[in-house]
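Structure assessment
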Amino acid sequence: MNEPRPGPGPVPPAGVVYLVDDEAVVLDALGFLLASHGLDVRPHGSGPALLATVDAAPRPLPGVFLLDIRMEPMSGPRLHDELIARGLRNPVLFLSGHGDIPMAVEALKKGAFDFLEKPYVDNALADRVAQALAVDAAMQRQGAQVAERQARLSSLTEREHEVMLRVAAGKLNKVIADELHVSVRTVEVHRARVYAKLGVRSAAEVATVLAAPSA
């Protein structure tokens, strides 16, 4: 009796796979493989071609980079350095031959997501790329949250900022009023504005906003 075939895998996360390989045959084969798994693939035949794309693209740039290690005129590791120099922290995966493992390990030390040694297993490659896309999506969400937090904090006036710091420290309105040499009513107004601008409802939530990572 034949065993039942597994059903379709999970729907891959949204995002773009920026694929770079200087061998046209490999580029086409990899592009077809990843596209057959439902991934949005943007193939590039060289490192400079990819850099031209990312330089022209708006930020943030969602997606992951799948790079061959040995390429001309720019190697995968050098291309990775250029992406880092441009402030791009998207997950980077390398395709490496056996002799390229030291180079791939060095790339991992610089923050690369993973490297896959050739010959790779088709499904394993697609699955790993999908995992990298999921990580990128989480990073993009976190980045958006940080940007929103910074925008909210920047909307505060100098006086509101002073009140906010004291509210976060748990100080009562009367104490804040004495420290800032204003009336309690004035503190209450500023406090209400701080809550509204930060989208919070308590001093504890103000403290949480201030304690959140800035990047």
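So, a few notes on the structure that sits alongside this text. Since we're looking at a predicted model, the values are computed, not measured.

1. Concerning unusual backbone geometry
In this structure, P60 follows R59 across a cis peptide bond, with omega equal to 0°. Tracing the backbone through its elements, the reader meets P60 in the loop between α2 (47–56) and β3 (64–68). Note that the residue after E72, namely P73, is joined by a cis bond; omega there is 0°.

2. Focus: the packing of helix α6 (residues 158–168) against helix α9 (residues 203–211)
The relative placement of two packed helices comes down to the angle between their axes together with the axis-to-axis distance. Axis separation between α6 and α9 bottoms out at 8 Å; the angle between their running directions is 105°. The orientation of α6 relative to α9 falls into the category roughly perpendicular. When α6 is examined against α9, the residues M164, L165, V167 and A168 are found in contact with a partner set consisting of A203, V206, A207 and L210. Looking at the contact of α6 with α9 residue by residue, the classes come out as eight nonpolar, no polar and no charged.

3. A short note on the nonpolar core
Counting 21 residues, the largest nonpolar core has L50, V54, F65, L67, L79, L83 and F94 as the members making the most contacts within it. Listed by contribution, the elements that provide at least two residues to this core are β1 (16–20), α2, β3, α3 (76–85), β4 (92–96) and α4 (101–109). Among residues more than four places away in sequence, those in contact with F94 are L67, D68, I69, G76, P77, H80, A107, A112, D114, F115 and L116. Counting residues in each nonpolar core, the second largest holds 18 residues, with L33, V64, L93 and A126 among its members.

4. Notes on α6
Those residues of α6 not exposed but buried are E160, V163, M164 and V167. Within α6, the buried residues cover an arc of 105° as seen down the axis, which keeps them to one side. Each element contacted by the buried residues of α6 is listed here: α5 (122–154), α7 (173–180), α8 (184–198) and α9. Positive phi appears at G170, one or two residues downstream of α6, with a value of about 85°.

5. Details of the pairing of β4
Across the five residues that make up β4, a large majority, five, are buried. Neither face of β4 is exposed, since V92, F94 and S96 on one face and L93 and L95 on the opposite face are all buried. Of the pairings in the sheet, the one linking β3 to β4 comprises four bridges and is parallel in character. Across the sheet, L66 pairs through a bridge with L93, a residue of β4.

6. Concerning the packing of α6 against α8
With their axes 9 Å apart at the nearest point, α6 and α8 run at an angle of 85° to one another. As far as their axial angle goes, α8 and α6 are roughly perpendicular. Seen from α6, the contacting residues are R159, E160, V163, M164 and V167; seen from α8, they are V187, H190, R191, R193, V194, Y195, K197 and L198. Its residues assigned to classes, the contact of α6 with α8 comprises seven nonpolar, one polar and five charged.

7. A few points about the environment of H98
By the secondary structure assignment, H98 is in the loop between β4 and α4. Sequence separation between H98 and L172 is 74 residues; the distance between their C-alpha atoms is 65 Å.

8. Regarding the sheet that holds β1
As summarised here, the arrangement of the five strands in space is β2-β1-β3-β4-β5, forming an open sheet in which the pairing is parallel. Looking along the sheet, the strands with just one partner apiece sit at the ends: β2 (40–44) and β5 (114–117). Taking the axes of each pair of neighbouring strands and ignoring which way they run, one obtains an average angle of 20° across the sheet. Most of the contacts of α3 go to β3, to which it runs at about 150°, and overall it touches β1, β3 and β4. Of the strands in this sheet, β4 and β5 touch α4, which is tilted by about 165° from β5.

Conventions adopted
Each chain carries its own residue numbering, running from 1 in the written order of its sequence. Reporting of local features is limited, given that this is a predicted model, to residues whose pLDDT is at least 70; pairs of side-chain atoms are given and counted only at 80 or more, and all residues count toward the totals for whole chains, interfaces and linings. To get the side-chain values, all heavy atoms of the structure are used, and hydrogens and water are removed first. Secondary structure elements follow DSSP: runs of H or I of four or more residues count as helices, runs of E of two or more count as strands, with numbering from the N terminus. Each axis is a line fitted through C-alpha atoms, taken for helices only over the stretch in contact, and angles between the N-to-C directions span 0 to 180 degrees. Here the word oblique covers every angle except those under 35 degrees (roughly parallel), over 145 (roughly antiparallel) and from 65 to 115 (roughly perpendicular). Contact between two residues is taken to exist if any of their heavy atoms lie within 4.5 Å; hydrogens are not considered. Residues are grouped as follows: Ala, Val, Leu, Ile, Met, Phe, Trp, Tyr, Cys and Pro are nonpolar; Asp, Glu, Lys and Arg are charged; all remaining types, including Gly, are polar. Definition used in this section: a nonpolar core is a set of buried Ala, Val, Leu, Ile, Met, Phe, Trp, Tyr and Cys residues joined via side-chain atoms within 4.5 Å. Using a 1.4 Å probe on the protein chains alone, a residue whose accessible area is under 20% of its type maximum counts as buried, one over 50% counts as exposed, and one in between counts as partly exposed. For this quantity, the arc is that covered by the directions from the helix axis to the C-beta atoms. Pairing between strands is defined by DSSP: at least two bridges between them are needed.

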